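# Remarks on the overall topology
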Amino acid sequence: MLVPLSQPFVGEEEIQAVIEVMRSSQLALGPQTEAFEQAFAEAHGAKYAIAVNSGTSGLHVVVRALGIGEGDEVISSPFSFIASSNCVLFEKATPVFVDVLDDTFNIDPDKIEAAITPRTKAIIPVHVFGQSADMDRIMEIARKHNLKVIEDACESPLAKHNGKMAGTFGDCAVYGFYPNKQMTTGEGGMIITNDEELYKMCRSLRNQGRGDSMQWLSHTRLGYNYRISEMTAAMGLVQTQKLPHIISKRQELAAKYDELFRDIPGIKLPVTKPENEHTWFVYALRIAAEKRDALLKKLNEKGVQSKAYFFPCIHMQEFYVESFGYKYGDFPIAEQISHESFVLPFFTQMTDEQMLFVKEKLEEGLRELEDERIRELEN
Ligand SMILES: *Cc1c(COP(=O)(O)O)cnc(C)c1O
């Protein structure tokens, strides 16, 4: 048996929806895009949504729309996917990292204020792995220092914090629909906001800088082509309708994994804070750093696809080290998590049989590591 790391959850409904669009004559900028945006905004309790061709494009658009540029600093998390800070670099602003919390892996609100300077324009909290950052605290700090807040919610559709939808705390939030995410459109993304001005600016930047009522060949500002096709939107609409089901399935699966792994010595289960509703992008365990890579090798050889996640941290990526001179020790908690954490196969349609197989191979791998260690000690 081989259990994959992730699998898109796509059914006949998506296939039919895409085929219908293909039989129509409207393949871009049409009713599917509008319906997808409306459904996604409604699902998250936001006024406006703007569909874009990736989460990364969405992050770029909002950084630009908020007027963040050269000389500005933006605070974000080093324990994330690289796009959450690259979007700041796209606009020649400087990402400033703040270390994370050891339990949720999210940015530590207690450390944010020390990183604020007169140049700080915004905070980009990332809701890592499907669990919201501490948005109440972050918004309090942002209001006090008059900072914009962009929520990177690419891993956390429908996540909640103190009963409120993550993605609706800040000025805007961005989602991503790559095939490993909870819902997918192949490639795609979405921005949500309650701010009408920001909404209009994002729509314009997505569509070559055109104004809403403008002619096709008239452009008000420098913009991009970050649009999605109607096929993509049709798939996204169906996936949005399935999203509550997808999330509750993933919550069930995470609880089952917790139960299966609870008594295995030497590993740490994921932590969900009581104020958070976790929506499970991935299921990450922790193990002593010196064992992690050897265990991953064994798991993959045994047919359990698993991966170090996120490794390395953003600040230790090659071009960040070259550009900013970061070194190990700069963000010790993020670095430690990055050396200990790994993700196991986790996807919406996962079966009990697959989960039991993962457990069996995990225990087998850990036992082999222990035997090897004892043999080494004896030699
Ligand atoms: C997936 C992801 C993105 C970017 O999404 P793409 O659609 O792949 O561009 C951004 N931030 C985080 C935290 C992500 O996990």
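Everything quoted here is computed from the prediction, not taken from an experiment.

## A closer look at the packing of helix α8 (residues 289-301) against helix α11 (residues 352-378)
Direction vectors running N to C along α8 and α11 enclose 130°, while the axes themselves pass 9 Å from each other. In terms of axis orientation, α8 runs oblique to α11. Here α8 and α11 pass one another in a crossing that is right-handed. Across from Lys291, Ala294, Leu295, Lys298 and Leu299 in α8, the residues of α11 making contact are Lys361, Leu362, Gly365, Leu366, Glu368, Leu369 and Glu372. Here the residues of the contact of α8 with α11 sort into 6 nonpolar, 1 polar and 5 charged.

## Describing the sheet that holds strand β4 (residues 120-124)
Spatial ordering of the open sheet is given by β1-β9-β8-β5-β4-β2-β3, a layout of 7 strands whose pairing is mixed. Edge positions in the open sheet fall to β1 (48-52) and β3 (94-97), since each of these has one partner strand only. Averaged over all adjacent pairs, the angle separating strand axes in this sheet is 25°, with direction ignored. In this sheet, strand β8 (residues 172-176) lies alongside strand β5 (residues 148-152) in parallel orientation, the contact comprising 3 bridges. For Ile150, the partnering residue across the bridge sits in β8 and is Cys172. Sheet strands touched by helix α2 (residues 31-44): β1, β8 and β9 (189-193). Its angle to β1, the strand with the most contacts, is close to 130°. Packing against the sheet, helix α6 (residues 196-206) makes contact with β1, β8 and β9, and its axis sits at approximately 15° to β1.

## Quick word on the environment of Glu322
Tracing the sequence through the fold places Glu322 in helix α9 (residues 318-324). Taking the C-alpha atoms as reference points, Glu322 and Ala83, separated by 239 residues in sequence, lie 17 Å from one another.

## Brief notes about the packing of aromatic side chains
Under the counting rule described, the total for this entry stands at 28 aromatic pairs. Summarising the aromatic geometry, the rings of Phe40 and Phe177 are spaced 5.5 Å apart at their centres and angled 70° between planes, so their arrangement reads as edge-to-face. Placement of Phe40 in helix α2 and of Phe177 in the loop between β8 and β9 is noted, with a sequence separation of 137 residues between them. As far as burial versus exposure is concerned, Phe40 and Phe177 are alike and both buried. Ring geometry for Phe79 and Phe105: centres 5.5 Å apart, planes at 80°, overall edge-to-face.

## Things to note about the pattern of salt bridges
Tallied over the entire structure, the rule returns 24 salt bridges. Close ionic contact of Glu259 with Arg262 constitutes a salt bridge, the shortest N to O distance being 3.4 Å. Given a relative accessible area of 52%, Glu259 falls into the exposed group. We classify Arg262 as partly exposed; its relative accessible area is 45%. Salt bridges here are not isolated pairs; linked through shared partners, they connect Lys298, Lys302, Glu360, Lys361, Glu364, Glu368 and Glu372.

## As for the sheet that holds strand β12 (residues 284-287)
Overall, antiparallel pairing links the 4 strands, which are arranged β10-β12-β14-β13 in an open sheet. Either end of the sheet is taken by a strand with one partner, and the two such strands are β10 (267-268) and β13 (307-308). When β10 meets β12, the two strands line up antiparallel, connected through 2 bridges. Paired with Ile267 across the strands is Ile287, a residue of β12. Contacts from α8 reach β12, β13 and β14 (341-343), with the element oriented near 15° to β14.

## Description of a nonpolar patch on the surface
Among the surface-exposed residues, Leu29, Trp216 and Leu217 lie close enough to one another that they form a single nonpolar patch of about 360 Å² accessible area. Taking the relative accessible area as the measure of exposure, Trp216 reaches 49% and is therefore partly exposed.

## Looking at the site of the ligand
Lining the immediate surroundings of the ligand are 13 residues, of which Gly55, Thr56, Asp152, Glu155 and Lys181 lie closest. Within the side chain of Glu155, a nitrogen or oxygen atom sits 2.6 Å from an oxygen atom of the ligand. In this structure, Lys181 approaches the ligand through a side-chain N or O atom, which is 3.2 Å from an oxygen atom. When isolated, the ligand has an accessible area of 380 Å², and the protein chains bury 92% of it. At 3 residues, the largest contribution of residues to the shell around the ligand is made by helix α3 (residues 55-65). Among the residues forming the shell around the ligand, the class breakdown is 5 nonpolar, 5 polar and 3 charged.

So, how was this worked out
- Residues numbered from 1 in each chain as written.
- Predicted model: local features only at pLDDT ≥ 70, side-chain atom pairs only at ≥ 80, totals over all residues.
- Heavy atoms only, no water.
- Axes fitted to C-alpha atoms, helices over the stretch in contact; angles between N-to-C directions.
- Helix = DSSP H or I, 4+ residues; strand = E, 2+ residues; numbered from the N terminus.
- Parallel < 35°, antiparallel > 145°, perpendicular 65-115°, else oblique.
- Left-handed = near helix turned anticlockwise from the far one by under 90°.
- Contact = heavy atoms within 4.5 Å.
- Nonpolar A, V, L, I, M, F, W, Y, C, P; charged D, E, K, R; others polar.
- Pairing = 2+ DSSP bridges.
- Phe/Tyr/Trp six-rings, centres within 6.5 Å; stacked < 30°, edge-to-face > 60°.
- Buried < 20%, exposed > 50% of the residue type's maximum accessible area, 1.4 Å probe, protein only.
- Salt bridge = Lys/Arg side-chain N within 4 Å of Asp/Glu carboxyl O.
- Patch = residues over 30% accessible without salt bridge, like charges linked within 9 Å, V, L, I, M, F, W, Y side chains within 5 Å.
- Areas by Shrake-Rupley, 256 points an atom, 1.4 Å probe, with all protein chains shown as cover.
- Near = heavy atom within 4 Å.
- Polar contact = N/O pair within 3.5 Å; in protein donor to acceptor, adjacent residues only side chain to side chain.

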